[in-house]
Amino acid sequence: MADSKILTYGHPIAANQISIQSQKYAKLTSDNEISKQTKKEFTHNIDLGVLNKSLSANDIEMSGNYSYNINGNYATLNVNKITNNRTGGTSGTLTIELWATASAYNGGNINGYRLASHSVGQLSGGGTFSNITSGTVSFSEPPAGSYFMTLLVSEYGSGIVDHGTFSDKRTFGGNDGGSTGSGIDMSGSFSYQINANTVSLSVDEIANNRSGGKSGTLSIELWATTAAYTGGEITGYKLADYTYGQLTGGQYVTNINSGAISLSTPPAGTYHISMIVEEYNNGIVDYGTFDETRTFGENDGGGTGSGIDLSGKYSYDINNSSITLNADKISNNRTSGVSGTLSIELWASTSVYSGGKINGYKVADHRLGELKAGAAYANISSGTVAFSEPPAGTYYITMLVTEHNNGIVDYGTFSETRTFGGSNGGGTGTGSGLDMSGNSSYEINGDFVTLKLDKIQNNRIGGKSGTLAIELWATASPYNGGNIEGYKLATFSLGQLTGGSAFSNISSGSVALSKPPAGTYSISMLLTEYSNGIVDYGSFSDLRTFDDTTSSGTGIEIKGNLSYQLTGDLVTLKLDEIINNRNNGTSGTLSVELWASETEFNGTSITGHKLASHSIGQLAASSSFTNISSGTISFTKPPIGTYYITMLVTEYGSGIVTSASFSDLYTVKAETLPPPTLDTDTSSDSSSGGSLNYALMFFLFTLIFYRSNILLFISKKYGNK
């Protein structure tokens, strides 16, 4: 992760002390799966417990217990109570914020890194917010180092109004970024997975933290170097690259995955591996170097001396009832003739195979054909072929090369064992050795959901699983295993699980809920493993109906709070989040529009007056814009009348894709104009219009006034005679 910008923010306030019960730091290092997977993941699964502080009376005051919890790229902020001790009026919008500072914060301006924030709202005089929780909000990790942590309350227009600083310091770090200071930041987990001659690159988040404009075109690259890369110019071998595109200032994209892209293998040897983010015309703008080295070179299998040789890397990937076999190269090193028909086979055996006749279970095979002397098959992939699961148990796995009439001519045995069978909970039948058991449930509360599960067991012998997660899905028909098609509603990462151990009494707490389009769905809970996909599942018997009032079913969704603020002929539009729930591709250019209409918006077309518009750019699938603000932009006032106000999100080429309507009506009243100023300058040219008219009006008024008085005088003096 590149270094964050130091922020300065605040108002003076007295120092307050907080004590903390416990603090831990967890770092998950890479796995080395049979499929040659390498992963680096930084996960903070830390509940910092109960924080107690004694505060002097302030206008806006925190009291009771406080805590925060960091989990990967998200944080949860908790405050027992916030009170407005003022005698009247309403506060500005209150926000709770988590900060990291180099020295203990004791009031006044704060210098450091804002890690997370959550808007609480306005509070009337004498009022109180109780049991405040942010739910899962975005977390921005600071540069590597040890920091004092502060939880503060800020008020719109007033800055910091109360705070508490934790007594214990917290260390952030690990090898998670290059601190280039470019404003383009890679954060969260990043990983790569090599499969024969292809590789997939994954990054949790890339953000453009610059204040405006657009980045150059961004690319993610994987490099191999003889020494650990620590920044600056890189010297080594570029293994792969993936072009993402541009990012507007303040925009970020999450869950980036290149899919399978071409891998360029370096010369045989052992290398340090780095993932870099490169910007067109600016070069390297952020990077992360993996702790583990990787060896590239030849792997000559069993060496049977048959003249048919398996070399390079080989792997397999099981997906439910099918499997894919991969190998870099099979060569016919004989001096003449043509081989018999060659095949690759995958076997499971109870003991390590070291040549000769094999005893065990053939789980898959793929026919290659004949091969001339001196020729080779390269970049071999079987595609999806049938998988025959062996009886329940733990096995050594071997890839064989067989020749018609000659039997086994070469082989390679994987170092890891694999467990098949056991109790599979929902019954995926993958033989993964990872099992859900007991009761499972989910509870939806607004935009959040809680996932619960009695137990997850790793029945494998030795080693560690890949990173495990439980996911909640909505599907049009009941899910019965295999690839899943539908809508992922929520996910909760659990971490790795050692063979023979278990997670028990699992609860996700409140995690973000992504509602599907309106409709009735079957609901399933899946257990997934990094690189192996779905390893177990359970389907609920009851259907669930969703009526998503903030989504039109287009895949673009508004979540959280939204508002607009008028100041004369200017307006500021704000939204917490816009999500692209589509499975792939990038949206058209999205814009936020504010409309006034005489009737309530019907969800499809709007008739009325467009008051303001703000373009926010394109959004990649499965990513989001957060903390959106238009800044002060032009506001077009509608005619006199009372209106319904609607905020629309429009997409170039698609029109309105989602909307939200405000409950309060907006009324435009007639303006009271001041009286005209009379110009009595009779020297002005009569052709000039306005001044002559006012002069005539004044003359006529005077004439009428005096005429009335003259008639009254005559009437009084002579009327009775």
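A brief look at the structure comes next.

Conventions and cut-offs
Residues numbered from 1 in each chain as written. Predicted model: local features only at pLDDT ≥ 70, side-chain atom pairs only at ≥ 80, totals over all residues. Heavy atoms only, no water. Helix = DSSP H or I, 4+ residues; strand = E, 2+ residues; numbered from the N terminus. Contact = heavy atoms within 4.5 Å. Areas by Shrake-Rupley, 256 points an atom, 1.4 Å probe, with all protein chains shown as cover. Buried < 20%, exposed > 50% of the residue type's maximum accessible area, 1.4 Å probe, protein only. Pairing = 2+ DSSP bridges. Axes fitted to C-alpha atoms, helices over the stretch in contact; angles between N-to-C directions. Salt bridge = Lys/Arg side-chain N within 4 Å of Asp/Glu carboxyl O. Phe/Tyr/Trp six-rings, centres within 6.5 Å; stacked < 30°, edge-to-face > 60°.

Now for the overall build of the protein chain. Each helix and strand counted, the protein chain has one helix and 45 strands in total. Look at the contacts in the protein chain between residues 6 or more apart in sequence, and 69% of them connect residues 24 or more apart. Accessible surface, the protein chain as shown: approximately 33400 Å² in total, 47% of it carbon and sulfur.

Let us now look at the environment of L526. Structurally, L526 can be placed in strand β36 (residues 519-529). We classify L526 as buried; its relative accessible area is 1%. It is 9.7 Å that separates the C-alpha atoms of L526 and G481, two residues lying 45 residues apart in sequence. Contact partners of L526, with chain neighbours within four places excluded, come to A469, I470, E471, W473, Y479, I484, I534, D536 and Y537.

Spatial ordering of the open sheet is given by β38-β39-β42, a layout of three strands whose pairing is antiparallel. A strand with exactly one partner marks an edge of an open sheet, and here the two such strands are β38 (556-567) and β42 (623-634). Strand-to-strand twist of the sheet, defined as the mean angle between neighbouring strand axes without regard to direction, takes the value 10°.

Turning our eyes to something else, we now look at the sheet that holds strand β33 (residues 487-495). Ordered by their spatial adjacency, four strands build an open sheet running β33-β32-β36-β37, and the pairing between neighbours is antiparallel. If you trace the sheet from one side to the other, it starts and ends with β33 and β37 (533-546), each paired once. The average undirected angle you get between the axes of adjacent strands in this sheet is 15°. Both strand β32 (residues 468-475) and β36 contribute to a ladder of eight bridges, which runs antiparallel.

Turning our eyes to something else, we now look at the pairing of β32. The buried count for β32 comes to eight of eight residues, which makes it a mostly enclosed element. In β32, alternate side chains face the same way, and those of L468, I470, L472 and A474 on one face and A469, E471, W473 and T475 on the other are all buried.

What follows covers the pattern of salt bridges. For the coordinates displayed, the defined rule picks out 12 salt bridges. As a salt-bridge pair, E221 and K238 come within 3.8 Å of each other at their nearest N and O atoms. With a gap of 17 residues between them, E221 in strand β16 (residues 218-225) and K238 in strand β17 (residues 237-245) connect regions that are remote in the sequence. Using a relative accessible area of 4% as the deciding quantity, one classes E221 as buried. Take K238: its relative accessible area is 37%, and that puts it in the partly exposed class. In this structure, K362 engages D365 in a salt bridge whose closest nitrogen and oxygen atoms are separated by 3.2 Å. Judged by its relative accessible area of 38%, D365 is partly exposed. Within this structure, D59, R86 and E155 form a network of salt bridges that share partners.

Considering all chains together, one arrives at 15 aromatic pairs under this definition. Between F190 and F290, the aromatic rings sit 5.4 Å apart at their centres with planes inclined by 65°, giving edge-to-face as the arrangement. Of this pair, F190 sits in strand β14 (residues 184-195) while F290 sits in strand β21 (residues 283-296); the two residues are 100 residues apart in sequence, bridging distant segments of the chain. A relative accessible area of 1% means that F290 is categorised as buried. Look at Y353 and Y411: their rings are 4.8 Å apart centre to centre, the planes differ by 70°, and that puts the pair in the edge-to-face class. Here the residue Y353 occupies a position in the loop between β24 (342-349) and β25 (361-369), and Y411 occupies one in strand β29 (residues 407-420), the gap between them amounting to 58 residues. For the pair shown, Y353 and Y411 are each scored as buried.

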